[in-house]
Structure formats: C-alpha cells, structure tokens
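# Coordinate analysis (summary)
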Amino acid sequence: MIGLVAVTDAGRAQAAQLAAGWPDARVYDGRAAETLPAAFAECSGIVAFMATGIVARVLGPLLKDKLTEPGVVCVDEGARYAVALVGGHEGGANALAARVAAALGCEAVITTASEAAQPLTRTPSAFLGIGAARDVSAAEVLALVDRALADEGLQPLDVAGVASVDAKSGESGLLEAAADRGWSITFFTAEELAAVDVPNPSEVVRKAVGTPSVAEAAALRAAGPGAVLSPKRKSAMATVAIARRGVRGRLAVVGLGPGARDLITPRALGELRGADVVVGLDQYVDQIRDVLLPGTRVVASGLGDEQARAQAAVDEARAGLTVALIGSGDAGVYAMASPALDVADETIDVVVVPGVTAALAASAAVGSALGHDHCAISLSDLHTPWHVIESRVRAAAEGDFVVSFYNPRSAKRDWQLPKSLGILRERRPGVTPVAIVTHASREAESVVLTTLDDIDVEDVGMSSLVLVGSTQSRYVAGRFVTPRGYTWAD
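Below, the structure is looked at part by part. (Residues numbered from 1 in each chain as written. Predicted model: local features only at pLDDT ≥ 70, side-chain atom pairs only at ≥ 80, totals over all residues. Heavy atoms only, no water.)

## Comments concerning the overall build of the protein chain
- Along the protein chain, the regular secondary structure elements total 17 helices and 25 strands.
- When the accessible area of the protein chain is evaluated, it comes to approximately 22500 Å², of which 53% is carbon and sulfur surface.
- Distance between charge centres in the protein chain, computed from 43 positive and 57 negative side chains, equals 1 Å. (Helix = DSSP H or I, 4+ residues; strand = E, 2+ residues; numbered from the N terminus. Areas by Shrake-Rupley, 256 points an atom, 1.4 Å probe, with all protein chains shown as cover. Lys, Arg positive; Asp, Glu negative; His and termini not counted. Charge placed at Lys NZ, Arg CZ, Asp CG, Glu CD.)

## Topic: the sheet that holds strand 15 (residues 297–301)
- The 5 strands are arranged 15-14-16-13-17 in an open sheet whose pairing can be described as parallel. Among the strands making up the open sheet, the edge pair consists of strand 15 and strand 17 (349–353). Strand-to-strand, the axes of this sheet are offset by a mean angle of 15 degrees, without reference to chain direction.
- Across the sheet, helix 11 (residues 266–273) is in contact with strand 13 (250–255), strand 16 (322–327) and strand 17; its angle to strand 13 comes to roughly 135 degrees.
- Here helix 13 (residues 306–318) sits on the sheet and contacts strand 13, strand 14 (277–281), strand 15 and strand 16; the angle it forms with strand 16, its principal contact strand, is near 165 degrees. (Pairing = 2+ DSSP bridges. Axes fitted to C-alpha atoms, helices over the stretch in contact; angles between N-to-C directions. Contact = heavy atoms within 4.5 Å.)

## Details of the sheet that holds strand 18 (residues 367–368)
- The mixed open sheet is built from 3 strands, whose spatial order is 18-25-24. At either end of the open sheet lies a strand with only one pairing partner, and these are strand 18 and strand 24 (474–476).
- Here 2 bridges tie strand 18 to strand 25 (residues 479–481), and the two strands are oriented parallel to one another. Across the sheet, residue Ser368 finds its bridge partner in strand 25, namely Val481.

Keep in mind that these numbers describe shape and distance, not what the molecule does.
Take a look at the structure:
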C-alpha cells in the first residue's frame with residue numbers, strides 16, 4: 001500500500017488526484033507528526049506532500065533498516081518535483097518518484113549515484129510478466145525480478161508495469177512485490193493470455209490456470225505489438241519474463257546560440273542533459289561538454305561534411321536513442337536542421353530547438369539594426385552559385401531590406417563582399433550605417449561601426465557578420481537604429 005500524506009489544501013488536492021488513479025493508495029490527512037509515523041508503519045511506500053525538512057525531522061528517528069523500510073517521496077506545494085528522499089533502491093523510492101512524476105506531470109528528482117548518472121530521458125519501456133505459485137513471498141518475487149533486470153542491463157526505473165493472470169489477482173506476495181516498487185499491476189484473463197504466441201508454452205501451466213503461458217504471455221500482452229521478449233527466469237515459486245516495447249528514437253536539432261553560455265536557451269540545455277548521444281562539430285561539442293550527464297556518448301567531427309554529421313545523428317535515433325545534433329546560433333539558420341530533416345523520416349521523432357542566431361546577437365551588440373524588415377544572405381558560394389546569391393542581393397537592395405551578411409569574407413573568397421556592398425550602394429546613400437560584428441557575444445567580441453562609403457573590408461573575416469542598414473537606418477547616440485515605422489512622403 002502507498003501512503004499519501006498531506007497537510008495543506010494543495011497537498012490534499014494532489015493526494016486526491018493520485019488516489020483517484022491508484023487503487024493501492026491510502027490518504028492520510030492530519031498533523032505530520034501523527035500521520036507520517038502511521039504511514040511509515042503501515043505502508044510499503046510514502047508520498048508526502050510537504051517540505052523535505054518536515055519529513056526528515058519526523059521520520060529521522062524511525063529510520064533503522066533501509067532493506068525493510070518504505071521508500072519516501074516528497075512533493076512540493078506547487079507539484080513541480082517528486083523527490084526520492086529515503087529508500088532510493090531497497091525501499092523503491094526512486095521508482096515511486098518516477099510513478100508520481102508521471103501521474104502529476106512533475107519532475108522526478110533522483111539522487112542515488114547509479115540512477116542519477118543516467119540520462120534524464122530514460123524510458124520506462126520494460127514490462128514484467130510474473131507467474132507465481134500459491135503463497136509465494138514478495139521477497140522471492142523481487143529477488144527473481146532484480147536478477148532478471150540485471151541480466152538485461154535494466155533498472156527498476158525502466159519498468160513500466162507488471163502483468164499476470166487474473167487467477168493470481170489475490171496473491172498477496174505478488175501484490176506486495178509490485179506495491180513495494182511502486183509498479184502498477186494488470187491482470188489478464190486466461191483466454192487473453194492463451195491467444196498470445198510465446199516461445200515456451202507449457203501444458204502443465206495450461207492445466208493449472210487455463211493458458212499455456214503466464215509470465216511470457218503477460219509480458220508480451222502488456223508491452224503491446226512489436227515487443228521483444230527476453231528469456232524467462234524461474235525460482236522455486238515464481239517465474240518472470242521481460243518484454244520491451246519498441247522504443248521510438250528521438251532527434252533534437254539544437255542551436256547553441258552565438259557563443260555566450262548565458263545565451264544558450266534553457267530548452268537547449270534540457271535537450272543536452274537528456275540526450276543519450278550528442279553529435280556535432282568538435283568545437284561546438286567542447287563548448288557544452290560540462291553540461292552533459294555522465295554516460296552521455298559524444299560523436300564529434302571536424303569542419304566540413306555537415307550531411308555526414310546529420311546522417312550519423314539520424315542513424316543513432318533510428319537505433320532507438322535520444323540524440324542531440326548541435327550547431328551554433330539557431331538550428332534552422334545556416335545550421336544543422338536542414339540537412340538533418342532532409343534525411344530524417346517518419347520512423348523517428350524530430351524536434352528543432354531554436355537558438356539565438358548570430359544576426360540577433362550582432363544587432364543587439366550595435367543597438368537595434370533589425371528593427372524593421374530585414375533579410376539574411378550568405379555570401380559563401382560553396383553550396384549556392386554566385387549568380388543566385390547576386391540576384392538575392394539585388395532583390396534586397398530593391399526591397400530596401402536591412403541585410404545581414406553571413407560568411408562574408410575569407411582568405412580565398414574576398415571579392416563577394418565588396419561586390420555585394422556595391423550593389424546595395426546603387427540603391428541607398430553612402431551614409432547608410434554598416435556594422436561589422438566579429439565573434440558576437442563571445443569574449444573576443446569586436447564591433448566596428450561605419451558606413452557604406454567608409455567600410456574597410458579588411459576588417460571582415462569568417463567570424464564576422466556584416467549588417468547593412470536600409471535607407472531609414474541611422475546612428476543615434478552611437479547606436480545603429482532602424483526605426484520600427486517608416487514615414488513615406490506622398
């Protein structure tokens with residue numbers, strides 16, 4: 001039985017929410033000094049809707065044996081976190097915290113070393129099918145389950161549920177074992193299980209309960225279509241089989257922003273910390289290694305061949321992993337989203353995480369250059385023919401857009417920027433503001449404010465972004481400003 005202990009109105013509401021969906025739960029309402037010890041003595045697990053300090057002070061004197069004591073989980077007043085306080089492994093608090101988090105939509109906080117080191121996106125995709133003789137003990141069931149999980153490289157947090165035949169729905173050892181770990185248990189009829197194809201049917205089992213398999217059939221039925229079955233294990237009075245639901249891979253294409261750590265979005269950091277694998281250019285990987293959780297695999301490569309990196313990330317996701325494909329700036333602006341989406345198909349989930357792109361960082365560094373309509377044009381002709389780039393520059397000139405020039409100039413490609421500036425000069429005055437922002441938002445950031453007439457292209461490199469104003473842009477108190485509204489003469 002799981003004890004739900006609440007002392008405030010918010011806690012009571014949360015406890016009622018859990019109790020409505022948990023048949024193995026009992027609500028304790030009253031003073032913490034009285035209800036917590038009562039639940040501690042009567043329950044296999046406790047969810048306390050109160051501060052951890054209160055729970056620690058009340059239960060501290062009662063803690064004697066971690067092998068037999070109930071696991072305790074604390075939920076804060078805002079139902080944002082489910083904290084596994086004591087009994088992480090033996091008491092099942094980690095599994096209980098995960099169960100609470102799933103039910104309330106909050107975050108499970110796990111601090112035991114082996115499980116806390118796992119990526120935050122561990123999927124509870126394993127289903128246990130358990131057959132048991134009459135009067136089997138919970139200790140025997142759990143010992144067999146733990147051996148089976150360990151053999152498959154799984155942990156209790158990976159278990160999504162337990163299943164058996166309905167003839168065992170009153171078997172106390174089985175019920176206690178599931179409750180001890182905070183696992184839900186489902187019972188199927190013998191007819192339902194008999195319809196499941198299993199590798200090891202038994203006539204003895206059929207004669208006893210009406211189906212040739214309990215453990216294997218129950219595990220497969222609970223996991224659903226496409227499940228993969230591991231060999232069943234037996235003890236003197238129990239049998240367990242594990243079926244794993246096919247895990248759908250997930251690819252997050254993540255923009256790291258222009259370089260400054262505080263310009264990486266919280267969403268991007270969450271994806272990095274939740275990834276099984278991080279794929280990216282080596283210099284970008286080096287920027288974020290310290291935020292990755294232990295055990296995260298890194299696939300780093302040098303400059304060039306973005307398509308190969310994208311394909312590698314997609315292949316990892318197709319293997320059922322959670323993958324973060326990283327790039328600078330915004331993932332969708334001259335970055336990795338496009339090559340990744342070109343090769344990703346419907347077999348994986350894909351999310352693109354926006355980031356602060358270089359144009360935004362550069363505009364902020366000089367004032368408000370992008371205050372009105374603007375466009376971005378890459379001057380690199382590695383993937384786009386020059387005649388196409390030139391037509392876009394002419395269109396930007398004709399439309400009077402503020403222009404952000406990406407990849408403006410390199411040692412081998414030094415004529416495209418002067419050519420482009422000349423095209424813009426045909427349509428806007430020589431005093432039009434121009435900003436050269438190099439290493440935007442990084443420690444080595446430098447800014448040159450100039451004009452179309454006075455720009456020195458020698459100040460521009462591949463780490464620079466060049467902002468060219470519209471006919472309405474101007475300098476105000478040393479800042480590059482493009483007004484939000486234009487006033488046109490009749």
